[in-house]
Amino acid sequence: MAPRVQLEKAAWRWVESVRPEDIQREHIEIAYRICVPACKRGACRRNCKGNPNCLVGIGEHAWLGEIDENTFHNIDDPNSERRDKNTFVGLTNLGATCYVNTFLQVWFHNLELRRTLYLCQNARAEEHNMDSDYEPRSICEHLQYLFALLQNSNRRYIDPSGLVKALGLDTGQQQDAQEFSKLFLSLLEDTLSKQKNPNLHNVIQQQFCGQMSYVTVCNQCGRASPLPSRFYELELNIQGHKNLTECVTEFLKEEKLDGDNRYFCESCQSKQNAARRIKLHSLPRVLNLQLMRFVFDRQTGHKKKLNTFISFPEQLDMGPFLEEKGICVYELSAVLIHRGVSAYSGHYIAHVRDARTSDWYKFNDEEIEKMEGKKLQLGIEEDIAETVKSQTRKPKCSKGYHCSRNAYMLVYKCQREEDTDPMETNVEVPGFLGRLVDRDNRKFEEWCLEMADMRKQSVDKGKAKHEEVKELYELLPAEDGQEYEFVPLEWLKKWLDDSTVTKEIDNGNFLCSHGKLHPDKVGEAKRISVKAAELLFDKYGGGPRLDGSTLCEECVGQRCRVLRLKNQLAEDYKEVTNLVKYSWQHFVSVKRLVKITITFDEGYWAGKTSLRSWRQLALEQLEEDEEETKHSNGKTNGEGPEITATKDEEEMKTFNEDILCRHGGLSILESERRLVTEEVWSKLRVYFPKAPQFTQLQEPCQQCLRLEREGKENEALNRMMASEQKSSLLNLFQEKNRPTLTKWPQETDILYIVPLFFVDEWRRFIRRPTKTTPVSSVGNSLLLCPHRGFMFTFDSMLKGDAQHIALLWPDEWEVISRHFLVDQPISICRISGATPNGSSVEYTTQPELCRDCREGFIFQQQRDMREYAQATVYVRKVIDDKRLKDAAPEMNVSGSEAEDEREEPVAKVDGERDPDFSQVGYKPAAASPTPMASGGKSGIRRSTRHRKLRGEKALIVSANQTLKELKIQIMHAFSVAPFDQNLSIDGRCLTDDSATLGSLGVIPESVICLKVRTLPILDLCMPEEGFKGKDIF
């Protein structure tokens, strides 16, 4: 089928030879594309929107092909949720709880621990009524029930949210897995110690606890000081090592204590050089080895992951590391993996060996995979963790060894003969827990049956609709010569899309302003047979019904007229251009020469702007006429949509509106219009029938003429007023001989105050009296409080408030009082007196200062300084406890102001060798002159904005930002870790990291001094914030 644009052109090609009044039925049907051939199946890749007869590619292929029952429902097979035979049960990841799931699987496969938990007393579970759901409360109850489900549940995976909620863990935040292991075992040990059965009290110690001691030997006297300690896991540093043996050897390596780190010997009663080492005395049944992959990088201030390959054996002999040498062989039982390159993200997986069959399984939340050949396989996990720029090649491992760059915990179990006893490897679920698990299994089976039934109902319903749609689709095409109707294309697509609910048929959007089918909407509708339309409307309802009688003849005629005018526009434009070339005066002179009598009403006024752009205006007008019925929105009988005039529409002009005054008459500006002949005007009227028409005899607007005369008179008055006021207040206008507060003039004891805003507005009027409005009042109320008191003190005006006021001489005030309305005179008086110590001078204002409002004003200023959302502060580095010299801020000056600034000698500053401080010296600015009361050159008001020194760095902060957050910003700016930062402001140290900058007195433009604490760089374990839940502590 031809493209949509070609179909559109073909539908209106007949307008070139047919006038609007000659339109016949056949032309209307061509415009609505009734006779366009229908497309056959397979001929179109997608539906032809320009062809109302194309019913291909609207979703019918899903109903006409072979039936796929899975398309009739969105319910997965419930048996996919069923646990496979001879497999284990997975755990649901609640968001970021994969680290919890890995440890739960490891502890579940510790048969001794599982057996111990089953022996814990649980009166609630034993007495529970099976008619209701069982909800554990304590941590022990949750773990009991969870292990019972992991052992005997029919589900493929279970939800551990009860235990996670009881622990108070945040499911959306990934915590440190190693810390979680320590805290949870400690919590479990405390819980078991409170059980009534004494055999349960020491289970955690028997399983996981070993004995060691820190032994310090004095080099002077040889005295050994042992410090016994228990451990539940050994934390092994892996940096710089290749295998597990090296890591354990370094853990037990002797450490020398000398220099500042010397040991205080009780025998010598003084600090002595010493040697310290760890001695292992006994090892637990289950040995947890923590590989310290996550370390804190002091250079960046962040935790990082070490991707070091570590080799570890399947059988580990710890005998050589014990103080009492002997055979102590452990067998690898679990490997915990962190998959990912970052310490702050990734995924946790556990590889666990089944104690009964010795098979290895990979536990990945809900997914469980059995390893082939009873061998541990870590290859896939290592491949996923490879970075793009991986520098380390995986080393070859000997037989019986494994190598990993992602393993962060190894679990070894001590080999014992009783471990092979079937009685030891068989753990039975207690009866009370078994009943709870059986009840959960019954609920699961009921759910499976319910899902299967819902699935069957959906399939049956889908098959029935399939037959219905298939039969109805065959009836859709309308044969030539038969009656037809139109329905929306989008509705047909949704009807054939089984995933959406079929609504009633809505043809309202297809109506033109005459209540019939709009010709431009036919591409969005499809023509179907009357029989098919009856069936669809009977079943789904809707309307209005659009048949062959709703083809709109009026819209087709209007479109025909517009298209014909568009085609004729180019020819008319040339003709009008040639006619307009000859001015009306030339036309009149020619007629006089040939002695032809003319009348004065043969010419018409046209705007020059309109004449220059009339072709574009005509084209826009034709397009507007063409589009005016497209947006009917279902309104009929000429009811168009409510259109709100926008600014663009108000500014847009049609033909001749440029000579239309605001009163609707002819504009008085003759330069903007010209006369055109009647012939030209008649051609223009064809395109602009509603354009304003003015004949040659039309008088200009009388109201505009009167206003023009009044405007000229007002301009003359304003010029006269400005000249008089300027001559009376020449010094004020030219800013000459201005009084100041810093050097009170001797010739007067009183000065008057007006707002600086009044003076600025008055000067603006004097400069442009015809373009601005005269100033009528002084407006001194701006400087007064609601109680009519003055808002500024003499000292505050000296310090900066003078920027709001202007001072006047008494004679200037008399002139101001005559020419302007004065709401409240404001004056400042100097009162001289004699005292025993000499003469004194006081300054008073009239009206007097309102102290309450002044205090409120100052309080609000201070509050604004401490409640800011975005402000700049400056961080300046300090070296060797010496603060940088008080480098005064540089004033922003320009032009002649810069010439008044004196340069001072450059002084050297401490820290010039510091790479973060590149300033070799500083230049104190000259003493800042006190702000003057007026803007005269004798008192230039300089900017108090801070001058940022080289090497000093600006930071954007807010008042509610904490000091800790500021330290992080400083870390990125200066590469100094937060705990190495000593910050101070005005000699006051900032130490409370949780306090906000506003509460610490940090205001905009503050200078914060940074002193760096220098310590040797060490790789430390990242300090954790811990877990949010109270129960895990």
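Structure first, text after, so check above.
Residues numbered from 1 in each chain as written. Predicted model: local features only at pLDDT ≥ 70, side-chain atom pairs only at ≥ 80, totals over all residues. Heavy atoms only, no water.

## Brief notes about the overall build of the protein chain
Turning to step 1, where the next piece is worked out: Within the protein chain one finds 30 helices and 37 strands.
Turning to step 2, where the next piece is worked out: The 1033 residues of the protein chain split such that 44% are buried.
Turning to step 3, where the next piece is worked out: Counting contacts in the protein chain only where the partners sit at least 6 residues apart, residues at least 24 apart contribute 74% of the total.
Turning to step 4, where the next piece is worked out: Working note: accessible area of the protein chain is about 57,200 Å², and carbon and sulfur atoms make up 48% of it. (Helix = DSSP H or I, 4+ residues; strand = E, 2+ residues; numbered from the N terminus. Buried < 20%, exposed > 50% of the residue type's maximum accessible area, 1.4 Å probe, protein only. Contact = heavy atoms within 4.5 Å. Areas by Shrake-Rupley, 256 points an atom, 1.4 Å probe, with all protein chains shown as cover.)

## Thoughts on the sheet that holds strand S35 (residues 981-985)
Turning to step 1, where the next piece is worked out: Ordered by their spatial adjacency, five strands build an open sheet running S34-S33-S37-S35-S36, and the pairing between neighbours is mixed. The outermost strands of the open sheet, each flanked by one partner alone, are strand S34 (953-957) and strand S36 (988-990). Here the average twist between neighbouring strands, direction ignored, is 35 degrees.
Turning to step 2, where the next piece is worked out: Pairing between strand S33 (residues 871-878) and strand S37 (residues 1007-1012): five bridges, direction parallel. By the bridge assignment for S37, Val-875 is matched with Ile-1008. (Pairing = 2+ DSSP bridges. Axes fitted to C-alpha atoms, helices over the stretch in contact; angles between N-to-C directions.)

## Thoughts on unusual backbone geometry
Turning to step 1, where the next piece is worked out: A cis amide bond links Gly-543 with the next residue in sequence, Pro-544, at an omega value of -10 degrees.
Turning to step 2, where the next piece is worked out: Structurally, the position occupied by Pro-544 is in the loop between strand S24 (542-543) and strand S25 (546-547).
Turning to step 3, where the next piece is worked out: Non-glycine residue Asn-86 carries a positive phi angle of around 60 degrees.
Turning to step 4, where the next piece is worked out: With respect to the secondary-structure elements, Asn-86 resides in the loop between helix H3 (61-64) and strand S1 (90-91).
Turning to step 5, where the next piece is worked out: In this model, Glu-1005 sits at a positive phi of 70 degrees, which is unusual for a non-glycine residue.
Turning to step 6, where the next piece is worked out: For Glu-1005, the location among the structural elements is in the loop between S36 and S37.
Turning to step 7, where the next piece is worked out: Judged by its relative accessible area of 34%, Glu-1005 falls in the partly exposed class.

## What about the pairing of S33?
Turning to step 1, where the next piece is worked out: Of all eight residues making up S33, seven are buried, and the element is well covered by its neighbours.
Turning to step 2, where the next piece is worked out: In this sheet, S34 lies alongside S33 in antiparallel orientation, the contact comprising five bridges. Bridging across to S34, Val-873 finds its partner in Leu-955.

## Side note on helix H30 (residues 963-974)
Turning to step 1, where the next piece is worked out: Over its twelve residues, H30 extends 16 Å from the first C-alpha to the last, a length consistent with the 16 Å expected when each residue adds 1.5 Å.
Turning to step 2, where the next piece is worked out: Residues of H30 that are buried: Leu-963, Leu-966, Lys-967, Ile-970, Met-971 and Phe-974. Projected onto a plane normal to the axis of H30, the buried residues spread over an arc of 150 degrees and lie on a single side.
Turning to step 3, where the next piece is worked out: Where the residues of H30 are buried, they touch strand S12 (302-305), S33, S34, S35, S36 and S37. (Expected span 1.5 Å × (residues − 1). Arc of directions from axis to C-beta.)

## Quick word on the pattern of salt bridges
Turning to step 1, where the next piece is worked out: For the coordinates displayed, the defined rule picks out 27 salt bridges.
Turning to step 2, where the next piece is worked out: Notably, a salt bridge pairs Glu-367 with Arg-156, separated by 3.4 Å at the nearest N-O pair. Of this pair, Glu-367 sits in strand S18 (residues 367-370) while Arg-156 sits in the loop between helix H7 (139-152) and strand S2 (157-158), and the two are 211 residues apart along the sequence.
Turning to step 3, where the next piece is worked out: Exposure remark for Glu-367: the relative accessible area of 46% places this residue in the partly exposed category.
Turning to step 4, where the next piece is worked out: With relative accessibility at 22%, the residue Arg-156 sits in the partly exposed group.
Turning to step 5, where the next piece is worked out: A salt bridge links Arg-353 to Glu-331; the shortest N-O distance between them is 3.5 Å. Here Arg-353, found in strand S16 (residues 347-353), pairs with Glu-331, found in strand S15 (residues 329-339); they are 22 residues apart in sequence, far enough to count as distant.
Turning to step 6, where the next piece is worked out: Here the residues in one salt-bridge network are Arg-19, Glu-21 and Asp-22, joined through shared partners. (Salt bridge = Lys/Arg side-chain N within 4 Å of Asp/Glu carboxyl O.)

## A short note on the sheet that holds strand S27 (residues 673-677)
Turning to step 1, where the next piece is worked out: Across the sheet, which stays open at both edges, the three strands sit in the order S27-S26-S28 with antiparallel pairing between neighbours. A single partner strand is all that each edge strand has here, and the edge strands are S27 and strand S28 (694-695).
Turning to step 2, where the next piece is worked out: Taken together, the five bridges between strand S26 (residues 603-607) and S27 define a ladder with antiparallel strand orientation. Bridge assignment links Tyr-604 to a residue of S27, and that residue is Val-676.
Turning to step 3, where the next piece is worked out: Packing against the sheet, helix H22 (residues 678-687) makes contact with S26 and S27, and its axis sits at approximately 95 degrees to S27.

## A look at the pairing of strand S20 (residues 407-414)
Turning to step 1, where the next piece is worked out: For S20, the buried fraction is high: six of the eight residues fall into the buried class.
Turning to step 2, where the next piece is worked out: As judged from the five bridges shared by strand S10 (residues 286-291) and S20, these two strands associate in the antiparallel manner. Residue pairing across strands places Val-286 opposite Lys-413, the latter belonging to S20.
Turning to step 3, where the next piece is worked out: Judged from the seven bridges that link them, S15 and S20 form a sheet pairing that is antiparallel. Within the sheet, the bridge partner assigned to Ala-334 lies in S20 and is Val-411.

## Some details on the nonpolar core
Turning to step 1, where the next piece is worked out: Judged by nonpolar contacts, the single largest core of 64 residues is most densely connected at Trp-107 and Phe-180.
Turning to step 2, where the next piece is worked out: By size, the runner-up hydrophobic cluster in this structure holds 37 residues, among which are Leu-283, Leu-289, Cys-328 and Leu-376. (Core = buried A, V, L, I, M, F, W, Y, C linked by side-chain atoms within 4.5 Å.)

## Notes on the packing of H7 against helix H14 (residues 431-475)
Turning to step 1, where the next piece is worked out: Where H7 contacts H14, the two axes come as close as 10 Å, and the packing angle between them is 60 degrees. In terms of orientation, H7 lies oblique with respect to H14. Between H7 and H14 the crossing geometry is right-handed. The residues of H14 that touch H7, namely those facing Gln-144, Tyr-145, Ala-148, Leu-149 and Asn-152, are Phe-432, Leu-433, Leu-436, Val-437, Asp-440 and Asn-441.
Turning to step 2, where the next piece is worked out: Class assignment for the residues of the contact of H7 with H14 results in seven nonpolar, three polar and one charged. (Parallel < 35°, antiparallel > 145°, perpendicular 65-115°, else oblique. Left-handed = near helix turned anticlockwise from the far one by under 90°. Nonpolar A, V, L, I, M, F, W, Y, C, P; charged D, E, K, R; others polar.)

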